Amino acid sequence: MAGLTSRAEFKPAPPVPEEHHTLAERVRALGYRGHLVAGGHFAAFHAEQLLRDTPALDSVVRGEGEQPLVQLAATADLSAVDGLVWRDGGRLVVNPPAI
């Protein structure tokens, strides 16, 4: 598992900040095959859009990331990870928030 964040929320940005898209695509191009998760303020508020527009990402964590990242590292069942937004085939799944 690898996590990405950006500071795109502090500057004008296109619908998907170039930092997220470019970094995720570059990580995949370098051969990374593991789970790629985004977090941070922009990702949390725009999770659905980010996953729709950046196919290289597997999921987005909404809220504080510590608990969801521990859960994500411990299980392959994405539906069991609180605060996670992820793809299930062609649809987006929004899990309950992390407590």
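Right, let's walk through the structure included here. Every chain begins its residue count from 1, and numbering advances along the sequence as written. Owing to the predicted nature of the model, reporting of local features is limited to residues with pLDDT of at least 70; listing and counting of side-chain atom pairs is limited to 80 or more, with chain, interface and lining totals taken over all residues. Excluded from the side-chain calculation are hydrogens and water; included are all heavy atoms of the structure.

**Points about the side chain of Asn95**
Thought 1: Each helix is a run of H or I in the DSSP string that is no shorter than four residues. Each strand is a run of E no shorter than two, and both are numbered from the N terminus. You can see Asn95 is positioned in the segment after strand S5 (91-94).
Thought 2: Whenever a nitrogen or oxygen atom comes within 3.5 Å of another N or O atom, the pair is scored as a polar contact, on the condition that within protein one atom can donate a hydrogen and the other can accept it, and that pairs from neighbouring residues in sequence are kept only if both atoms are in side chains. Within polar-contact distance, the side chain of Asn95 engages the backbone oxygen of Leu78 at 2.7 Å.
Thought 3: Here Val81 takes part through its backbone oxygen, which lies 2.7 Å from a polar atom of the side chain of Asn95.

**What about helix H1 (residues 18-29)?**
Thought 1: In this scheme, a helix's expected span is set at 1.5 Å multiplied by one less than its residue total. With 12 residues, H1 extends 16 Å from end C-alpha to end C-alpha; this agrees with the ideal 16 Å at 1.5 Å per step.
Thought 2: Turning to H1, its buried residues number three or more, namely His20, Ala24, Val27 and Arg28. Down the axis of H1, the buried set is contained in an arc of 100°. They therefore lie on one face.
Thought 3: Two residues or fewer past H1, Gly31 is found with a positive phi of approximately 105°. Residue exposure (1.4 Å probe, protein chains only): buried if accessible area is under 20% of the type maximum, exposed if over 50%, otherwise partly exposed. To be clear, the arc concerns the directions from the helix axis to the C-beta atoms.

**Regarding the pattern of salt bridges**
Thought 1: The term salt bridge refers to a side-chain nitrogen of Lys or Arg lying within 4 Å of a carboxyl oxygen of Asp or Glu. The full count for this structure, using the stated rule, is four salt bridges.
Thought 2: Its salt-bridge partner being Asp58, residue Arg28 comes within 2.6 Å of it at the nearest N-O pair. Of the two residues, Arg28 sits in helix H1 while Asp58 sits in the loop between helix H3 (47-53) and strand S3 (59-61), which places them 30 residues apart along the sequence.
Thought 3: As a salt-bridge pair, Arg62 and Glu48 come within 2.6 Å of each other at their nearest N and O atoms. With Arg62 in the loop between S3 and helix H4 (66-74) and Glu48 in helix H3, this residue pair connects regions lying 14 residues apart in the sequence.
Thought 4: A residue is classified by how much of its surface remains accessible, and Arg62, at 27% relative accessible area, is partly exposed.

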